[in-house]
Amino acid sequence: MQYCEANFDGLVGPTHNYAGLSFGNVASYSNANAASNPKEAALQGLKKMKALSEMGLVQGVLAPQERPDIATLRRLGFSGSDASVLEQAGKQAREIFLACCSASSMWTANAATVSPSADTADGKVHFTPANLTNKFHRSLEPQVTGNILKATFANSKYFAHHTHLPDNEHFGDEGAANHTRLCSEYGHAGVEIFVYGRHAFRNDRPQPKKFPARQTFEASQAVARLHGLSDENVVYILQNPDVIDQGVFHNDVIAVGNQNVLFYHQQAFHNSAGAIAEIQQKFGEQPLHFIEVKDSEVSVQDAIKTYLFNTQLVTLPDGNMTIIAPSECQENPVVEQYLAELVTRNTPVKSVNYFDVKQSMRNGGGPACLRLRVALTDAELAAVNPNTLMNDELFGKLNNWVEKHYRDVLTEDDLRDPQLLTESRTALDQLTQILKLGSVYPFQQA
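Residues numbered from 1 in each chain as written. Predicted model: local features only at pLDDT ≥ 70, side-chain atom pairs only at ≥ 80, totals over all residues. Heavy atoms only, no water.

Participant: So what exactly am I meant to see when it comes to the sheet that holds strand β4 (residues 125–129) here?
Facilitator: What links the strands of a sheet is backbone hydrogen bonding, and the strands pair in either a parallel or an antiparallel sense. The strand order across the open sheet formed by three strands is β3-β4-β5, and the pairing between neighbours is mixed. For this open sheet the edge positions go to β3 (112–115) and β5 (159–161), each flanked by a neighbour on one side alone. Neighbour to neighbour, the strand axes of the sheet diverge by 20° on average, direction disregarded. As paired strands, β3 and β4 are joined by four bridges and run antiparallel to one another. Bridging from a neighbouring strand, S115 pairs with H126 of β4. (Pairing = 2+ DSSP bridges. Helix = DSSP H or I, 4+ residues; strand = E, 2+ residues; numbered from the N terminus. Axes fitted to C-alpha atoms, helices over the stretch in contact; angles between N-to-C directions.)

Participant: When you look at the side chain of Q259 in this model, what are you seeing that I'm missing?
Facilitator: Mapped onto the fold, Q259 is located in the loop between β9 (255–258) and β10 (261–265). At 2.8 Å, the side chain of Q259 forms a polar contact with the side chain of T315. In contact with Q259, not counting residues within four places along its chain, are R181, L182, C183, S184, E185, Y186, F283, T315 and M321. (Polar contact = N/O pair within 3.5 Å; in protein donor to acceptor, adjacent residues only side chain to side chain. Contact = heavy atoms within 4.5 Å.)

Participant: Would you mind going over the sheet that holds strand β8 (residues 234–238) with me for this structure?
Facilitator: Pairing in this open sheet of three strands is mixed, and the strands run β6-β7-β8 from one edge to the other. Since the sheet does not close on itself, it has two edges, and those belong to β6 (179–182) and β8, each with one partner. Direction aside, neighbouring strands of the sheet carry axes that sit 25° apart on average. Pairing of β6 with strand β7 (residues 191–196) involves four bridges; the strand directions are antiparallel. Note that in β7 the partner of H179 across the bridge is F194. Here helix α8 (residues 217–226) sits on the sheet and contacts β7 and β8; the angle it forms with β7, its principal contact strand, is near 155°. Strand contacts of helix α10 (residues 272–283): β6, β7 and β8, with the helix running at about 175° to β8, the strand carrying the most contacts.

Participant: What should I look at first to understand helix α4 (residues 82–92) in this one?
Facilitator: Three- or four-residue spacings in an α-helix give side chains the same orientation, since the helix completes a turn every 3.6 residues. When we look at burial in α4, the residues that qualify are V85, L86, Q88, A89 and G90. As for α4, its buried residues are in contact with α3 (70–75), α5 (94–99), α17 (412–415) and α18 (418–435). (Buried < 20%, exposed > 50% of the residue type's maximum accessible area, 1.4 Å probe, protein only.)

Participant: Help me understand the packing of helix α2 (residues 38–54) against helix α16 (residues 392–405), please; the structure alone is not making it clear to me.
Facilitator: For any two helices packed against each other, one specifies the inter-axial angle together with the distance between the axes. Viewed as axis vectors pointing N to C, α2 and α16 meet at an angle of 175°, and their least axial separation amounts to 10 Å. Taken as axis vectors, α2 and α16 run roughly antiparallel relative to one another. Counting all contacts with α2, which are made through K39, A42, L43, L46, K47 and K50, the residues of α16 involved are D392, F395, L398, N399, V402 and E403. Taken together, the residues of the contact of α2 with α16 break down into six nonpolar, one polar and five charged. (Parallel < 35°, antiparallel > 145°, perpendicular 65-115°, else oblique. Nonpolar A, V, L, I, M, F, W, Y, C, P; charged D, E, K, R; others polar.)

Participant: Would you mind going over the packing of aromatic side chains with me for this structure?
Facilitator: Each aromatic ring pair is described using two quantities: the centre-to-centre distance and the angle formed by the ring planes. Counting across every chain of the model gives 14 aromatic pairs. Seen from their ring centres, F153 and F159 are 5.4 Å apart, and the 75° between their planes marks the pair as edge-to-face. Grouping aromatic residues by their ring pairs yields a cluster made of F8, F127, F153, Y158 and F159. It is K50 that lies over the ring of F395; its NZ or CZ is 5.4 Å from the centre. (Phe/Tyr/Trp six-rings, centres within 6.5 Å; stacked < 30°, edge-to-face > 60°. Lys NZ or Arg CZ within 6 Å of the ring centre and 35° of its normal.)

What follows is the structure, given as structure tokens:
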């Protein structure tokens, strides 16, 4: 049986903007209220997708959410025509209005947690959309995310879809941003690592003091149960509360894993020695590479500024691994020197590829934020909606689609423009036809 790990990147939505909505995300806060360029952001994302496809990786596309979210604004008491709802919300409740315009679904590392069939009790690939309860603007996403995942991975013979966890902070779930998987081969049973920031029902356990811990232990356990994972193949690790308070809002800002490599910062985990020992014990006797970056090599602040760990660590067809890094890593002398030295060591990581994803980086998301990893057998890959898999034809269609429908400058005032809502819905309706998703958006179901 052959297998691969596919990367499904989120398309940047037409309302991509900088509203500084994510408390605890330093980049998001520092760029609040700057003018954005949705067209450039979407094209940058597509360029990265196409490049990975050309490297021989399986690359897919996930559609964005409908924004502005008129349905939510109506639930909150704004009424009348769509234009009237936008006008009222924009004037009366600016923060709520901006949250309902967020295009944060572009970061599909937060879309869901995925467990491959090699790990699950029923031998299916399992998906649980993240509830993202810690941030109002992200908590609006799970239902449509679930619709899009079901339209992309539709064959019930191979894929199992779960409802997101209860919408409550006790079960705060941030998806794959706090989950990684180590394995000898993608199609073999692996160790699934859930990194959490706090215990929801135990205030006597360590937790951050300044910024919120978005992922709870209880949520991680629930997802593992839903996916039918064995205790022998799961590791729960407490994220270091101190690094959360330094701006490491998700584990994928301080650690990333792929196959038999875990690349992480010295300060990533509350008890690194215990965590590493448990991973090693459950992984077994196969070779396992722990690449720990010391404070003396790269500081936490440099890691956050450059998103050194929010890079994609992927395996190329020749068996070697490469790091897909934002250009910010190349522009930082300390980080660039570290990466140049890393590829000379005796590890599977042999190269670094730099990409310009500045529109995403300014809002607090690097290359790894933009993708959801899905390990698949050949039979499972054949069951994926083929219209969502990147190739020359789809790349051309999506580039033309962006050029036709997206604005190249977007400010807060533009978000109140009823014409933007019409443009966005027109674009998304056409996108569902290109990707053959069916009716996944509320406006299509009205």
